[in-house]
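Reading the structure
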Amino acid sequence: KRIVSLVPWMTKSLYLMGEQGRLVGCTNYCPVEATDKIPVVATAVNVNIEKLLMLKPDLVFASSLIKPEILDNVLKLGIKIEYMPYPKSFNEICTDFIRVGELVGQQVKAKNIVAQQRDRMTKIRAKIPAGKHPKMFIQIGAKPLFCAVPQTFMNDFITFSGGTNIASELKTGSITREYVLTQNPDIIFIVTMGIVAEEERDTWLKYPSVSASKNKQIFILDSDKTCSPTPVLFVDALEEMIRIAYK
């Protein structure tokens, strides 16, 4: 199959399975190796249909970020589209990964990778100190302030690391700084946002009444690991969170 991936974490999944040779097109956000010289046919939300068609793909991975009318045009031309919605849990991450494996004839390899990561996770979580359940806040955006909420794989980071989510009662991630202050988290994780991440850490440190600030428990996470829903990167990020939270 010739594959065009419009979903960065699907591109990463193909690399993890050693099937990047099938990629004939990707987005400008996809983490491809420069030496592979894979043509860019899309941004996060827009697709160059003419360029995509010239690549003659057998399969296109797409997400909800791409406008439906664009995908409709691709479908009308007889090209298969595999929709990959943003996974809501680690279990969904694993299911999606195995689905990709099935599509490229690597189902056994995909299942083995998932099994290895589940086993690795068990060993990592065994290192969490007994009886420790710190209140955690994962900040994903700054303007507006945005956080990890239930029914997302980001929330799994918190529960799997033995913490409790200060936003466990919320349904949407948009919050105020005042809300965070009243919830008084023990640990604050900020997903990498360049200089903004450093500024946010400095801002939180100005509130000594917050346990995370008082105890200097404010950490910046690598967005490449934290926001890329593949089994391997999820466990990589979880391992880092557990290591720095309980050091």
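Residues numbered from 1 in each chain as written. Predicted model: local features only at pLDDT ≥ 70, side-chain atom pairs only at ≥ 80, totals over all residues. Heavy atoms only, no water.

Burial analysis of strand 6 (residues 135-141) places five of its seven residues in the buried class, the great majority of the element. By the bridge criterion, two bridges tie strand 6 to strand 8 (residues 164-165) in an arrangement that is parallel. By the bridge assignment, lysine 135 is partnered in strand 8 with threonine 164. Relative to strand 9 (residues 187-191), strand 6 is paired through four bridges, and the arrangement is parallel. Residue pairing for strand 9: glutamine 139 is matched across the bridge by isoleucine 190. Remark: four residues form the turn of the hairpin made by strand 6 and strand 7 (residues 146-147), two consecutive strands paired antiparallel. (Buried < 20%, exposed > 50% of the residue type's maximum accessible area, 1.4 Å probe, protein only. Helix = DSSP H or I, 4+ residues; strand = E, 2+ residues; numbered from the N terminus. Pairing = 2+ DSSP bridges.)

What follows covers helix 11 (residues 231-245). With 15 residues, helix 11 extends 21 Å between its outermost C-alpha atoms, agreeing within 8% with the 21 Å of an ideal straight helix rising 1.5 Å per residue. In terms of burial, helix 11 is a largely internal element, twelve of the 15 residues being buried. Among the residues of helix 11, those classed as buried are Pro231, Val232, Leu233, Phe234, Val235, Ala237, Leu238, Glu240, Met241, Ile242, Ile244 and Ala245. (Expected span 1.5 Å × (residues − 1).)

The next subject is the pattern of salt bridges. Per the counting criterion, the structure on display carries ten salt bridges. Notably, a salt bridge pairs glutamate 102 with arginine 99, separated by 3.5 Å at the nearest N-O pair. Taken together, the residues glutamate 102 and arginine 99, both in helix 4 (residues 90-103) and three residues apart, mark about one turn of the helix. For arginine 99, a relative accessible area of 31% translates into the label partly exposed. Close ionic contact of arginine 177 with glutamate 200 constitutes a salt bridge, the shortest N to O distance being 3.3 Å. You can see arginine 177 sitting in helix 7 (residues 177-183) and its partner glutamate 200 sitting in helix 8 (residues 195-204), a full 23 residues away along the chain. Accessibility assignment for this pair places arginine 177 and glutamate 200 in one class, buried. One network of salt bridges, in which partners are shared, links Glu82, Arg99 and Glu102. (Salt bridge = Lys/Arg side-chain N within 4 Å of Asp/Glu carboxyl O.)

Here the largest pocket is characterised by a volume of approximately 450 Å³. Lining the largest pocket are 19 residues, and of these Pro8, Trp9, Leu65, Tyr86 and Cys227 lie nearest its centre. Listing elements by their share of the lining of the largest pocket, those giving two or more residues are helix 1 (8-16) and helix 10 (223-226). No other element matches the three residues that helix 1 contributes to the lining of the largest pocket. Grouping the constituent residues of the lining of the largest pocket by class yields eleven nonpolar, six polar and two charged. When its volume is computed, the second largest pocket comes out at roughly 230 Å³. (1 Å grid on protein atoms, 1.4 Å probe; cavity = no way out; pocket = protein on both sides within 12 Å on 5 of 7 lines; lining within 4 Å. Points joined across faces, edges and corners; volume = space filled by probe spheres on them. Nonpolar A, V, L, I, M, F, W, Y, C, P; charged D, E, K, R; others polar.)

It is worth spelling out the nonpolar core at this point. Phe61, Ile138, Phe157, Phe189 and Phe234 are the most contacted members of the largest nonpolar core, which has 51 residues in total. Sorting elements by how many residues they give to this core places helix 11 first, with nine residues. Those residues in contact with phenylalanine 234, other than ones at most four positions away along the chain, are Phe90, Ile93, Met121, Phe153, Asp156, Phe157, Phe160 and Ser228. (Core = buried A, V, L, I, M, F, W, Y, C linked by side-chain atoms within 4.5 Å. Contact = heavy atoms within 4.5 Å.)

Attention shifts here to the confidence of the model for the chain. With 100% of its residues at a pLDDT of 70 or more, the chain shows a mean pLDDT of 92. Per-residue pLDDT, averaged within each element of the chain, yields its smallest value for helix 3 (residues 68-76) (84) and its largest for helix 5 (residues 107-125) (97). (pLDDT = per-residue confidence, 0-100.)

All right, on to the packing of aromatic side chains then. One pass over the full model with this rule turns up ten aromatic pairs. Judged by centre distance (5.9 Å) and plane angle (80°), the rings of phenylalanine 137 and tryptophan 204 are edge-to-face. Within this pair, whereas phenylalanine 137 is found in strand 6, its partner tryptophan 204 is found in helix 8, the two being separated by 67 residues in sequence. A relative accessible area of 1% places phenylalanine 137 in the buried class. Ring centres 4.3 Å apart and planes at 10° place the aromatic pair phenylalanine 157 and phenylalanine 234 in the stacked group. Of this pair, phenylalanine 157 sits in helix 6 (residues 153-160) while phenylalanine 234 sits in helix 11, and the two are 77 residues apart along the sequence. An aromatic cluster is built from Trp9, Tyr86, Phe90, Phe153, Phe157, Phe160 and Phe234, whose rings are joined through pairwise contacts. One Lys or Arg, arginine 177, reaches over the ring of tryptophan 204 and ends 4.6 Å from the middle of that ring. (Phe/Tyr/Trp six-rings, centres within 6.5 Å; stacked < 30°, edge-to-face > 60°. Lys NZ or Arg CZ within 6 Å of the ring centre and 35° of its normal.)

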